[in-house]
Amino acid sequence: MKSVYDTCTKDKVKVSYSLYAMLIELGLNPSNKGTIYLKEVIEYIILNNLYDYTYKDILSLFANEKNYNLENLKNNIKNCLYRINYTKSKKNFNKYLNLEFDTYYLSPSKFTNIIALKYND
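Keep in mind that what you see is a predicted model, and the values were worked out from it rather than measured.

Caption draft 1: Region of the structure containing the packing of aromatic side chains. Applying the stated criterion across every chain yields a total of seven aromatic pairs. When the ring of Tyr37 is compared with that of Tyr68, the centres are 5.1 Å apart and the planes differ by 55 degrees; the resulting orientation is tilted. Placement of the pair is Tyr37 in helix α2 (residues 33-48) and Tyr68 in the loop between α3 (55-66) and α4 (70-82), with a sequence separation of 31 residues. Residue classification places Tyr37 among the buried residues on the basis of a relative accessible area of 10%. On the basis of relative accessibility, which here comes to 27%, the residue Tyr68 falls in the partly exposed class. Consider the rings of Tyr86 and Phe101, whose centres lie 6.2 Å apart with planes at 80 degrees: the pair is edge-to-face. On the criterion of sequence distance, the pair formed by Tyr86 in helix α5 (residues 86-97) and Phe101 in the loop between α5 and α6 (108-118) is long-range, its members being 15 residues apart. Among the residues examined, Tyr86 registers a relative accessible area of 37% and is labelled partly exposed. Put simply, the rings of Tyr86, Phe93, Phe101, Tyr104 and Tyr105 pair up and form one aromatic cluster.

Definitions and cut-offs
- Residues numbered from 1 in each chain as written.
- Predicted model: local features only at pLDDT ≥ 70, side-chain atom pairs only at ≥ 80, totals over all residues.
- Heavy atoms only, no water.
- Phe/Tyr/Trp six-rings, centres within 6.5 Å; stacked < 30°, edge-to-face > 60°.
- Helix = DSSP H or I, 4+ residues; strand = E, 2+ residues; numbered from the N terminus.
- Buried < 20%, exposed > 50% of the residue type's maximum accessible area, 1.4 Å probe, protein only.

Below you can see the structure in the form of structure tokens.
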């Protein structure tokens, strides 16, 4: 399988692996398709510097570029966040994001923005 990332640039690869590990440590299910979509969307924001775009616009751009169904993308991301392991999330939220855990942050747009801003240089 051909990788999206150039193996010479360790920064992009580091973001990819550390991001997925962090999402799992925050209580998301690694086998859930929504977790995979969420990781890809966050990487898309970081690589394309889309910090000033709305969540809705980012999802539209991402779905068009990857040829994904927009409604399935939204539903899978929403469902993965609704099925989060709250115990694991409460334990690791402050450790990884420097924020006290609150269910307010578990909406798809807020969660995506928090994670993407963490990787903003």
